[in-house]
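# Coordinate inspection notes
Chain by chain, the residues:
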Amino acid sequence: MQRRNLLIGAVGAGALGAGTLGAGPVSAGSRARRVRTGLDELVSSGFAELAGQRVGVVSNPTGVDVSYRHLVDLMHGSGRVRLVAAFGPEHGFRGSAQAGGSEGTGVDARTGIPVYDAYGASQARWEAMFTEAGVDTVVFDIQDVGVRFYTYIWTMYTSMVAAARVGKRYVVLDRPNPIGGRAYGPLMTSPYTSGVGLKEIIQQHGMTVGELARFFNATFLPAEAGRPVDLHVVRCRHWKRDALAADTGVPWVMPSPNMPTPDTALVYPGTGLFEGVASITEGRGTTRPFELIGGLATDFDHHWGDRLNARNLPGVEFREAYFSPTSAGQKPDLLNKLCAGVEVKVVDPSVYDPIRTGVAMLVEAHKYPAFAWRRDSWDTVRPYWIDKLTGSPRLRTQIDAGADVDDVVGAWAEELATFNRQRRPYLLY
């Protein structure tokens, strides 16, 4: 079989700025060509990058090639890879668990390989799992959705740190960012780091997981792990930074139960903020999670959507909506109750700013007497979940004080500009 060169960026202790092998510039005419993911490139090479290695895979149901074949199943059946373990993030390796859940540790029924429960694992736990499984190389292949509080990037980060500490190679099979390559929103601050934001990056980071891995490796690993990990990124082919999921031709598999479509991912950076509002559901348990947003019909009404449409926010319209969520997450008082609110309809993705839109929705919702931020009793020092989502108390306190959208959004302009400069050396596309 004739092998093609992989598009691989190698980043190790002596090469923090990755180069490429066999990679020429992508022409402007390639925009209409189907994007090939890192997994597609790896498979076409006959798994050359993994030859002779004992491989452990960090993945979930999104780790599929153009024909929807899963990475682990392809490796297992190839005869070319020594696959020794899989590691499952939130929702599990095969994706059978709901939000905040995992599948546990056991044996994969399809391949017979051991599967480790890695959801919420500390770096020490990752180190122990890698050692017990006897891996030489860790392979990460999960579809991210481009938002800081979507937890898979932190699964990648903690496993990278652990791999660096125990001397393992780390290979990221890159995938397109389904909401594009531009960054928006506020920066995480160190007092408010948590499982939904471990490090100081922007809320909508505008990077692929491969680019994030390079950024993490140069920016955070030297201090936390004592050295960078031996990182290799198998690049996508033909992806452009302004391309959305629908432009790529890459198969969409739900990354989590409440992320059913690329439309969900597009609004999630903004409407995901409603996870931090106790009195409003983000539409879990409906067919349009994060697109349907509302509170009890006794407390909220059609005026919310009317006021939002009057703002003429770019690229979006709001439809008056009524629904009953069949899953409430941390908001049991809303379960199976009639809720009134809006459906977020993106009409022009090229000008749509999901976080500005989310802020406008919060500002208008805050005018209802029933509006209440979510408080978590288990964290008495930082009780407001919205502060963990946005990275600081700033957005919450501004809205409580009556600030309008431009004031809230303008507050993060300088930190966003700084982040854009910081990330530039690690961009691949």
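Data block above holds the structure.
Report on the accompanying structure.

Basis of the calculations
- Sequence order as written defines the numbering, with residues in each chain counted from 1.
- Predicted model: local features are reported for residues with pLDDT of at least 70 only, side-chain atom pairs are reported and counted for 80 or more only, and whole-chain, interface and lining totals are derived from all residues.
- Side-chain descriptors were evaluated using all non-hydrogen atoms of the structure, hydrogens and water having been removed beforehand.
- Each helix is a run of DSSP H or I of at least 4 residues and each strand a run of E of at least 2, with the numbering of both proceeding from the N terminus.
- To sort residues, take the accessible area from a 1.4 Å probe on protein chains only and compare it with the maximum for the residue type: under 20% means buried, over 50% means exposed, and anything in between is partly exposed.
- In this description, contact between two residues means that some pair of their heavy atoms is separated by no more than 4.5 Å.
- All accessible-area figures derive from a Shrake-Rupley calculation using a 1.4 Å probe, and residue coverage is judged against the displayed protein chains alone.
- In this count, Lys and Arg are taken as positive residues and Asp and Glu as negative ones, while His and the chain termini are left out.
- Just so you know, the charge point we use is NZ for Lys, CZ for Arg, CG for Asp and CD for Glu.
- We call two N or O atoms a polar contact when they sit within 3.5 Å, provided that within protein one can donate a hydrogen and the other can accept it, with sequence-adjacent residues counted only if both atoms are side-chain atoms.
- In this analysis, the protein atoms alone were mapped onto a 1 Å grid. Cavities are point sets where a 1.4 Å probe fits without being able to get out; pockets are open sets with protein on both sides within 12 Å along at least five of seven lines; lining residues have an atom within 4 Å of a point.
- Grid points are joined across faces, edges and corners, and a volume is the space filled by probe spheres set on the points.
- Gly is placed with the polar residues, together with every amino acid not listed as nonpolar (Ala, Val, Leu, Ile, Met, Phe, Trp, Tyr, Cys and Pro) or charged (Asp, Glu, Lys and Arg).
- We define a salt bridge as a contact between a side-chain nitrogen of Lys or Arg and a carboxyl oxygen of Asp or Glu at a distance within 4 Å.
- Picture the helix axis, draw a direction to every C-beta atom, and the arc is the one those directions span.
- Axes here mean lines fitted to C-alpha atoms, for a helix over just the part in contact, with angles spanning 0 to 180 degrees between N-to-C directions.
- In these notes the angle categories are as follows: under 35 degrees is roughly parallel, over 145 is roughly antiparallel, 65 to 115 is roughly perpendicular, and the rest is oblique.
- It is the rotation of the near helix from the far one that decides the hand of a crossing: anticlockwise by less than a right angle makes it left-handed, clockwise makes it right-handed.
- Paired strands are those between which DSSP finds at least two bridges.
- What makes a nonpolar core is a set of buried Ala, Val, Leu, Ile, Met, Phe, Trp, Tyr and Cys residues whose side-chain atoms join them at distances within 4.5 Å.

## Brief notes about the overall build of the protein
In terms of regular secondary structure, the protein is built from 14 helices and 14 strands. The buried share of the protein, taken over its 429 residues, is 59%. The contacts in the protein between residues at least 6 apart in sequence include a share of 74% that link residues at least 24 apart. As displayed, the protein offers around 16,200 Å² of accessible surface, 50% of which is attributable to carbon and sulfur atoms. Each charge class in the protein can be summarised by its mean position, and for the 45 positive and 44 negative side chains these summaries are 7 Å apart.

## What to know about the side chain of Ser279
Summarising the element assignment, Ser279 is placed in the loop between helix H8 (262-271) and strand E11 (280-281). Owing to a relative accessible area of 14%, Ser279 belongs among the buried residues under this scheme. Among the polar contacts made by the side chain of Ser279, one reaches the main-chain amide nitrogen of Ala372 at a distance of 3.0 Å. For Ser279, the residues in contact, after removing those within four places along its chain, are Gly295, Leu296, Phe300, Leu334, Ala370, Phe371 and Ala372.

## Considering the layout of surface pockets
Volume-wise, the second largest pocket comes out at about 230 Å³. Every residue lining the second largest pocket is counted, 15 residues in all, and those nearest its centre are Ile179, Arg182, Tyr184, Leu244 and Pro349. Here the lining of the second largest pocket is built from residues that sort into eight nonpolar, four polar and three charged.

## Comments concerning the pattern of salt bridges
Where charged atoms of side chains with opposite charge meet at close range, the side chains can pair. In this structure the tally under the stated criterion is 27 salt bridges. A salt bridge links Asp404 to Arg311; the shortest N-O distance between them is 2.8 Å. With Asp404 in the loop between helix H12 (394-400) and helix H13 (405-410) and Arg311 in the loop between helix H9 (303-310) and strand E13 (316-323), the pair connects residues that are 93 residues apart, well separated along the chain. The class for Asp404 is partly exposed, based on a relative accessible area of 36%. Note on Arg311: relative accessible area 26%, which makes it partly exposed. Arg374 is the salt-bridge partner of Asp376, the closest N and O atoms lying 3.1 Å from each other. Owing to a relative accessible area of 8%, Asp376 belongs among the buried residues under this scheme. Overlapping salt bridges bring together Arg307, Arg311, Glu364, Lys367 and Asp404 as one network.

## Thoughts on H9
Since the α-helix packs 3.6 residues into each turn, any two residues three or four apart lie on the same face. Of the positions making up H9, those classed as buried are Trp304, Gly305 and Leu308. An end-on view of H9 places all buried positions within 95° of arc, on one side of the element. For H9, the elements touching its buried residues are E11, strand E12 (292-296), E13, strand E14 (339-346) and helix H10 (354-365). Asn312 sits one or two positions beyond H9 and adopts a positive phi of about 55°.

## Some words on the packing of H9 against H10
Direction vectors running N to C along H9 and H10 enclose 130°, while the axes themselves pass 10 Å from each other. When the axes of H9 and H10 are compared, the pair comes out oblique. Pair H9 / H10 crosses with right-handed handedness. Contacts between H9 and H10 involve Trp304, Arg307 and Leu308 from the first element and Ala360, Met361, Glu364 and Ala365 from the second. Partitioned by chemical class, the residues of the contact of H9 with H10 number five nonpolar, no polar and two charged.

## Comments concerning the pairing of E14
Where burial is concerned, most of E14 is hidden: six out of the eight residues are buried. One ladder, built from five bridges, connects E12 with E14; its direction is antiparallel. Paired with Gly295 across the two strands is Ala340, which belongs to E14. Alignment of E13 against E14, held across eight bridges, turns out to be antiparallel.

## A look at the nonpolar core
In this structure, Phe87, Met156, Tyr170 and Phe216 are the most contacted members of the largest nonpolar core, which totals 102 residues. Excluding anything up to four places from it in sequence, Tyr170 contacts Val138, Phe140, Met156, Ser159, Met160, Ala163, Val229, Asp230, Leu231 and His232. Among the nonpolar cores identified, the runner-up in size contains 20 residues, and Phe47, Val55, Met75 and Val171 belong to it.

## Quick word on the packing of H8 against H10
Where H8 meets H10, the axes come as close as 6 Å, and the angle between the chain directions of the two elements is 50°. In this view, H8 runs oblique relative to H10, as classed from their interaxial angle. By crossing handedness, the relation of H8 to H10 is classed as right-handed. On H10, the residues that touch Leu266, Val267, Pro269, Gly270 and Thr271 of H8 are Pro354, Ile355, Gly358 and Met361. Residues that form the contact of H8 with H10 fall into these classes: six nonpolar, three polar and no charged.

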